[in-house]
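Now for the letters of each chain:
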Amino acid sequence: MTASAISRPGERDRLPVKLGQIDWRLAGLIALIGGAGAMMLYSVAGESWAPWAGNHLIRFGAVFVVMLGLALVDIRWWYAAAYPLYAVGLLLLIAVELFGETRMGATRWLDLGFTSLQPSEIMKLGIVLALARWYHGASAQEAKWHWKLIIPALMIAVPVVLVAHQPDLGTSLLILFTGVAIMFAAGLSWRIVLTGIAGIMVVAPMMYFFVLHDYQRARVDVLLNPEADPSGAGYHIAQAKIAIGSGGLLGKGYGLGSQSQLNFLPEKHTDFIFPTLAEEFGFLGAFFILAIYGAIIAISLRIASLSHNHFGRLAAAGVTATFALYVLINGAMVMGLAPVVGVPMPLLSYGGTVMLTVMIGFGLIQSVRVHRYLELPKSRGVI
Amino acid sequence: MSDRSPIQFNEVNERQGSFLRRTFLLGGVALTGLGVLGARLAHLQIIDQRRYASAAVANRFNDRLQVAPRGLITDRNGVMIAGNRPSFSVSVVRDVTQDLDATLDLIARLLPETAERRRRIIREVNAAPRFVPVPVKTDLTWEEFARVSLFVNELPGVLATMDEVRFYPFGGSFAHTVGYVAKVSDRDVEAVREEGEEPPAIFYHPGFRIGRQGVERSLDKELRGRPGYQRVEVDAEGRVRGEDADGSRAATPGAEVVLTLDADAQNRALEVFEEESGAVVAMDCRTGDILCMASAPSFDPNLFVSGVPSVIYRAWADYERNPLLDKAVGGTYAPGSTFKPVVGMANMLRGGDPNRIIVCNGGYYLGRRFACTGRHGPQDMRNAIKNSCNVYFMTLAVEMGPDPIAEVARNMGFGQIFEIGLGGQRRGLVPDRAWKRENFQGENQRWFAGESPSYGIGQGYLEVNALQLAVYVSRLANGRQKVMPRLVRSVGEAERAQGAFEPLGYDFDKVRVLQEGMEMVTDAGGTGFRNSQLGLGNMRLAGKTGTAQVRNYTTASRGRGGNWADRDHNLFIAYGPIDDPRYAISIVVQHGGRSGGAIAAPKAREIMRTLILKDPELLARVNAPPVPEPDVAPEVAP
């Protein structure tokens, strides 16, 4: 198929052509991370597919197919679904606030009878799509500095506050930063950006004293001085650092990480999978995985920048921002650079919900790439 | 945007341009963030690798101290006096049990009686150092042990182990001399600190015991051995996953200690004392080996090993016959008439003639009347010893004054402590003029002539212990050497040999006079005749009886009846056989209330019989046909 052939009307809507337009390099890198995750889960279970590695691989296969399926969904459908999805997410968050199920002191789950659901996960996508759609309809000036910016600001603030109240500081920050990243990418005035940064520097200490829960404050304390209580709150960070550090340049070998094999590493299959990898494969292995994450982020942002429609650009950038935040927050957390906030390493950690969210996000990014030449009008009702 | 701009963007292009710049910036930020993570990774894994690697090892391996088996203590013939026996026990490790209460609940279901001691267990568990198992119950029966072992893997932090526990097979027989071991107390820790050392880690191991009395205490360091380490690989819950043999060190058992004691003589000693209170020391008067050293009544040292119940301890401590005191070295008594040969020797050394006759009229007058034990008539030194005539020795003592007596007394072993590896010895007191000068005020610094008669009969200020008495008889029996006592024959491979003894420094003829007197004591008409006959062929003992006044007599009973604590002490010293002295013995019966001959002599005789019958040479003599020249027809005490 030649380049000229693809510009033929209707040609781009053919299934084989669409499949060809999927970024297979990106899909391959994603599969690499998913596979590495399965491999590490096999190791931490003591060389066993049960209980995690097998599940992880099956789930990953399933969501990989979901990603490919979503890649073929017309970008206009995404556009149409943006506000409804956001609205559903918001309603569910309110429902959680009212009737949610409390587990381990946090009200995050909604019991649907057959399964339980974390509405905050829906909101991670909802906020990206809704903001992208709003900015798609906004002018450059409106995006820069305009009273109408109160709308995206509220779109971000309401779910952030609801999620923070659950309390789920990690997800709440993730939604906040994702939203802010989209506002920034959409063209928010530099003056506002710099003022905002200055404001955070002032507000953050006040947050620490007046807004955070005790356990959250303890996590920050631990971050600032992890050696103060190595067997108590600092245990997670201390053990993760020992795992990473003792891995050295080349690692202890697959299945030989004593820190994780002997259970010194808590949550070794979820939030703290990365230290296990660093322990068993050393600096080279861990840096290789970080490089792949970097490549995924770079490719995703390039896809965003190549889209011909503003909605696609912002949606892809927003999803990438969420993904990058996952990686950075988890990485900083396990290396003792950020407080322990319960954010997994995407695709590497065990856990179906986050994997589904992230892969739906990549489905959206792939869809943006597949439909990058589509010009979306600014008006509503595109379909 | 700007009208002056040379290129006019339409709005879409302006949004796209801004987006591209901003996205590029965001991407840069994200990749910088990843770069920071990579740098941090390099810092942790390359620069600080060594530190974290050792932290991982420390996490992973756990050095468990192992108490070394304590050295055995045996008697001269290899009979075990103190050993170790296996004991099944259940312990709890604090840092491994997540929930001590729940764990104890489960243990209580298997071993119901632990519920009663729960408080104490919790206190001990909380006091123990990290990763050290604290026994919840020791000495489990096999059935109990099997029951616990079945569930032990499901109870994190609970261990079912076979330990070694100190064991004294003879119970109270050696309780004072050999001593006992007990849990390390704060005082033990302080004692080590006072010597400027840090208490060893093994002190805090609940299975470790420290020597508390007797040989167990004085040779504690040798008996302790060297603790071992078992380096085990543990997981975060403390469950053992494996052992690192290279990092482990086997415990070195403590040195075996061989004593000079004879278990049979020792047991016989405790038997003959029955309920009575006192001490006995028997020695080989040629080598100085202590063959028997007992204090009665005694206690069961096995109870100290796991902790004496306070009710029992109180009973021991409150009993007036004081079972906890080692009366052989830790109690001092007036030697009474057993001291008279000292006075005789002092007189002879000053040129006194042992054949000089002093007439006893039943009392000695110096300001007041000092009563004699009878009305003995004319007495020479030999007969004065035989009849235990007070008048004779009072006369000599007043003539000489205290200093010559004190000199001989010291030379004979009184007023000193012997380095036999036994603590708690009391020196006693050998009074003389210098002592009075140093310890009294004003007028009383003088030695009054009226104090000498008491000195002459072994009373007054004079105080001796049973070991000193035994050394004294040994030197009398030996006659030529200053025999020194020995209790510890060897520690491990090292023999604790005695050097050659110093000469006693007296003409043997003079010693012979005393010996002849003592032979008459146990012969027909002597004060010890009735109860000192061995009944072993022609073998005889020589001895000297003694009765020491505990207080001034105010009642008509004269120390023979009434309150136990007011009665006289009865003493007997002896050696034998008289033709070839080998064994010497001293015995003190506290508040026996009668005479040395009646109360102390029969006990001494029994112990001496045991020693003689265990001596192969003497036993051969007993079994041999009677020698042709029997001076004395063997008579058995009625």
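These notes cover the structure that comes with them. Here the structure is a predicted model, which means the values were calculated and not measured. (Residues numbered from 1 in each chain as written. Chains lettered and ligands numbered in written order. Predicted model: local features only at pLDDT ≥ 70, side-chain atom pairs only at ≥ 80, totals over all residues. Heavy atoms only, no water.)

Details of the overall build of chain A
Stage number 1. The helix and strand tally for chain A stands at 16 helices and three strands.
Stage number 2. Put simply, chain A has 383 residues, and 56% of those count as buried.
Stage number 3. Pairs at least 24 residues apart make up 73% of the contacts formed inside chain A by residues separated by at least 6 positions.
Stage number 4. Only carbon and sulfur atoms are counted for the fraction: they give 70% of the accessible area of chain A, which is about 15,700 Å². (Helix = DSSP H or I, 4+ residues; strand = E, 2+ residues; numbered from the N terminus. Buried < 20%, exposed > 50% of the residue type's maximum accessible area, 1.4 Å probe, protein only. Contact = heavy atoms within 4.5 Å. Areas by Shrake-Rupley, 256 points an atom, 1.4 Å probe, with all protein chains shown as cover.)

Observations concerning the interface of chain A and chain B
Stage number 1. Contacts between chain A and chain B engage 59 residues on the former and 40 residues on the latter.
Stage number 2. With both sides pooled, the region where chain A packs onto chain B buries about 3,900 Å², and carbon together with sulfur makes up 69% of that total.
Stage number 3. Inspection of the chain A/chain B interface yields zero salt bridges.
Stage number 4. Counting every contact that joins chain A to chain B gives nine residue pairs in polar contact (both at pLDDT 80 or more). (Buried area = accessible area lost by both parts, 1.4 Å probe. Salt bridge = Lys/Arg side-chain N within 4 Å of Asp/Glu carboxyl O. Polar contact = N/O pair within 3.5 Å; in protein donor to acceptor, adjacent residues only side chain to side chain.)

Some points on the pattern of salt bridges
Residues and elements named next belong to chain B.
Stage number 1. One pass over the full model with this rule turns up 42 salt bridges over all chains.
Stage number 2. Among the ionic pairs, Arg-314 bridges to Asp-318, the shortest N-O distance being 3.3 Å. Taken as a pair, Arg-314 and Asp-318 lie in helix α11 (residues 310–318) at a separation of four residues, close to a single helical turn.
Stage number 3. By relative accessible area, which is 54% here, Asp-318 ends up exposed.
Stage number 4. Ionic pairing is found between Lys-482 and Glu-502, a salt bridge with its closest N-O pair at 3.8 Å. Within this pair, whereas Lys-482 is found in the loop between α19 (466–478) and β17 (488–491), its partner Glu-502 is found in the loop between β18 (494–495) and α20 (508–521), the two being separated by 20 residues in sequence.
Stage number 5. Look at the salt bridges and you will find they share partners, linking Arg-70, Arg-166, Glu-216, Asp-220 and Arg-224 into a network.

What to know about the pairing of strand β12 (residues 290–296) of chain B
All names here are of chain B.
Stage number 1. Among the seven residues in β12, seven count as buried, and that is most of the element.
Stage number 2. Here strand β11 (residues 277–284) runs beside β12; their pairing, made up of six bridges, is antiparallel. In the strand pairing of β12, Ala-282 is matched with Cys-292.
Stage number 3. The turn linking β11 back onto β12 is made up of five residues, and Gly-288 within it adopts a positive phi angle of 85°. (Pairing = 2+ DSSP bridges.)

Description of the packing of aromatic side chains
Working definition: an aromatic ring pair is given by the centre-to-centre distance plus the angle between the planes.
All names here are of chain B.
Stage number 1. Evaluation of the coordinates by the stated rule reveals 29 aromatic pairs over all chains.
Stage number 2. Geometrically, the ring pair formed by Trp-447 and Tyr-461 is edge-to-face, given 6.2 Å between the ring centres and 65° between the ring planes. Residue Trp-447 is located in the loop between α17 (433–439) and α18 (452–456), and its partner Tyr-461 is located in the loop between α18 and α19; the two are separated by 14 residues in the primary sequence.
Stage number 3. For Trp-447, a relative accessible area of 8% gives the class buried.
Stage number 4. Here Tyr-461 falls in the partly exposed class, since its relative accessible area comes to 27%.
Stage number 5. Cation over ring: Arg-368 sits above Phe-370, and NZ or CZ is 4.0 Å from the ring centre. (Phe/Tyr/Trp six-rings, centres within 6.5 Å; stacked < 30°, edge-to-face > 60°. Lys NZ or Arg CZ within 6 Å of the ring centre and 35° of its normal.)

Some thoughts on the packing of helix α14 (residues 273–306) of chain A against helix α15 (residues 310–334) of chain A
Residues and elements named next belong to chain A.
Stage number 1. Where α14 meets α15, the closest approach of the two axes is 9 Å, and the angle between their N-to-C directions is 165°. One finds that α14 runs roughly antiparallel with respect to α15. The way α14 lies across α15 gives a crossing that is left-handed. Two secondary-structure elements touch here, α14 through Phe-274, Pro-275, Tyr-293, Ile-296, Ile-297, Ser-300, Leu-301 and Ala-304 and α15 through Arg-313, Ala-316, Ala-317, Thr-320, Phe-323, Ala-324, Val-327, Asn-330 and Val-334.
Stage number 2. Among the residues making up the contact of α14 with α15, the classes are represented as 13 nonpolar, three polar and one charged. (Axes fitted to C-alpha atoms, helices over the stretch in contact; angles between N-to-C directions. Parallel < 35°, antiparallel > 145°, perpendicular 65-115°, else oblique. Left-handed = near helix turned anticlockwise from the far one by under 90°. Nonpolar A, V, L, I, M, F, W, Y, C, P; charged D, E, K, R; others polar.)

Considerations on the side chain of Arg475(B)
All names here are of chain B.
Stage number 1. Note that Arg-475 resides in helix α19.
Stage number 2. Among buried charged residues, Arg-475 stands out as having no salt bridge; its nearest opposite-charge side chain is Glu-502, 7.8 Å away.
Stage number 3. With residues up to four places along the chain from it excluded, the contact list for Arg-475 reads Arg-410, Asn-411, Met-412, Gly-413, Phe-418, Gln-481, Lys-482, Val-483, Met-484 and Leu-504. (Lys, Arg positive; Asp, Glu negative; His and termini not counted.)

Some remarks on the environment of Lys268(A)
All names here are of chain A.
Stage number 1. Mapped onto the elements of the fold, Lys-268 is located in the loop between α13 (258–261) and α14.
Stage number 2. Sequence separation between Lys-268 and Met-40 is 228 residues; the distance between their C-alpha atoms is 9.7 Å.
Stage number 3. Beyond its immediate chain neighbours, meaning those up to four positions away, Lys-268 contacts Val-44, Trp-52, Ser-260, Asn-263, Ile-273 and Thr-276.

Description of the environment of Ile122(A)
All names here are of chain A.
Stage number 1. Considering the arrangement of structural elements, one finds Ile-122 in helix α6 (residues 119–137).
Stage number 2. Between the C-alpha atoms of Ile-122 and Leu-90, which are 32 residues apart in sequence, the distance is 8.9 Å.
Stage number 3. In this view, Ile-122 contacts Leu-85, Gly-89, Leu-92 and Leu-117; residues no more than four positions away in its chain are not counted.

Details of the sheet that holds β12(B)
Residue and element names in this part refer to chain B.
Stage number 1. One open sheet accounts for five strands, arranged β12-β11-β21-β20-β19; its pairing is antiparallel. What marks the edges here is a single partner per strand, and that holds for β12 and β19 (542–548). Shown here is a sheet whose adjacent strand axes are inclined to one another by a mean of 5°, direction ignored.
Stage number 2. Two strands pair when backbone bridges link them, and β19 and strand β20 (residues 569–576) are joined in this way by seven bridges, in the antiparallel orientation. Note on β20: the bridge partner recorded for Ala-548 is His-569.

Considerations on the packing of α15(A) against helix α16 (residues 352–370) of chain A
Residue and element names in this part refer to chain A.
Stage number 1. Following both chains from N to C, one finds α15 and α16 inclined at 150°, their axes separated by 9 Å at the closest point. You can see that α15 and α16 cross each other, and the crossing is left-handed. Contact residues: α15 offers Gly-312, Ala-315, Ala-316, Val-319, Thr-320, Phe-323 and Tyr-326, while α16 offers Val-354, Val-358, Gly-361, Phe-362, Leu-364, Ile-365 and Val-368.
Stage number 2. When the residues that make up the contact of α15 with α16 are grouped by side-chain class, the tally is eleven nonpolar, three polar and no charged.

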